[in-house]
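Summary of the model geometry
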Amino acid sequence: MNYWLFKTEPMEFSIDDLAKKPAKTEHWDGVRNYQARNFMRDEMKVGDKAFFYHSNCEEPGIVGIVTVASKAYPDHTAFDKKDKHFDPKSDPDKPRWMMVDVKMARKLKRTISLKELKERSALTGMRLVQRGNRLSVMPVEKKHWDIILKIE
DNA sequence: GCCAACGTTGGC
DNA sequence: GCCAACGTTGGC
């Protein structure tokens, strides 16, 4: 079992949007970063757990927990000229970008803000709080996962 | 293969 | 809206 974190801008797609989807499940399209793609493609397994993180908003932070509900498969939005994330270099016969499905597990009882995560000395090694981190999909160490759930 | 220019991310 | 950090692109 691996642990992850998915970043999203709540204006685009929030935890409440996910909760409204059929079976509370949605595909995680739009990842256009190789490192993030490789995590999904090579390391994610069905049943892995992940934090749902809101970025670029009033209070950036962790707002919920989701589970990985599928293996990685081609991100079809890369083939759609009208899509915001269209990539002419991704060929349907040789897709460049992948995605997984994520399923809502639950919302956290409260938002655990980025500010608070940064203040916890036990979490200083966490990728999310390190400087200049821009990955939208990243691994979370189990020890950090456990600490965060404890302070919920 | 180097690296400057450029675009994007995302906290603040 | 600003800007630092980072990834990607493309000229050479």
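Below or above, wherever it landed, is the structure these notes cover.

Reading guide: rules and limits
- Residues numbered from 1 in each chain as written.
- Chains lettered and ligands numbered in written order.
- Predicted model: local features only at pLDDT ≥ 70, side-chain atom pairs only at ≥ 80, totals over all residues.
- Heavy atoms only, no water.
- Near = heavy atom within 4 Å.
- Polar contact = N/O pair within 3.5 Å; in protein donor to acceptor, adjacent residues only side chain to side chain.
- Helix = DSSP H or I, 4+ residues; strand = E, 2+ residues; numbered from the N terminus.
- Buried < 20%, exposed > 50% of the residue type's maximum accessible area, 1.4 Å probe, protein only.
- Arc of directions from axis to C-beta.
- Contact = heavy atoms within 4.5 Å.
- Pairing = 2+ DSSP bridges.

1. What to know about the protein's contact with DNA strand B
If you check the shell around DNA strand B, you find Lys 7, Tyr 53, Ser 55, Asn 56, Pro 60, Leu 114, Lys 118, Arg 134 and Leu 135 and nothing else. A share of 70% of the atoms of DNA strand B within 4 Å of the protein falls on sugar and phosphate groups. At 3.1 Å from a phosphate oxygen of DNA strand B is found a main-chain nitrogen or oxygen belonging to Arg 134.

2. A look at unusual backbone geometry
Even without a glycine there, the phi angle at Lys 24 is positive, about 50 degrees. Among the structural elements, Lys 24 can be located in the loop between helix 1 (15-20) and strand 2 (25-27).

3. Examining helix 4 (residues 142-150)
Among the residues making up helix 4, those that are buried are His 144, Trp 145 and Ile 148. Viewed along the axis of helix 4, the buried residues span an arc of 105 degrees, placing them on a single side of the element. Exposed positions of helix 4 whose direction lies more than 90 degrees from the buried face are Lys 143 and Lys 150. On its buried face, helix 4 sits against strand 1 (3-8), strand 3 (49-54), strand 4 (61-68), strand 7 (101-113) and helix 3 (114-119).

4. Overview of the pairing of strand 1
Most of strand 1 is tucked away, with six of its six residues classed as buried. Residues of strand 1 alternate between two faces, with Tyr 3, Leu 5 and Lys 7 on one and Trp 4, Phe 6 and Thr 8 on the opposite face, all of them buried. Across three bridges, the pairing between strand 1 and strand 8 (residues 137-139) is antiparallel. Its bridge partner lying in strand 8, Phe 6 is registered against Val 137.

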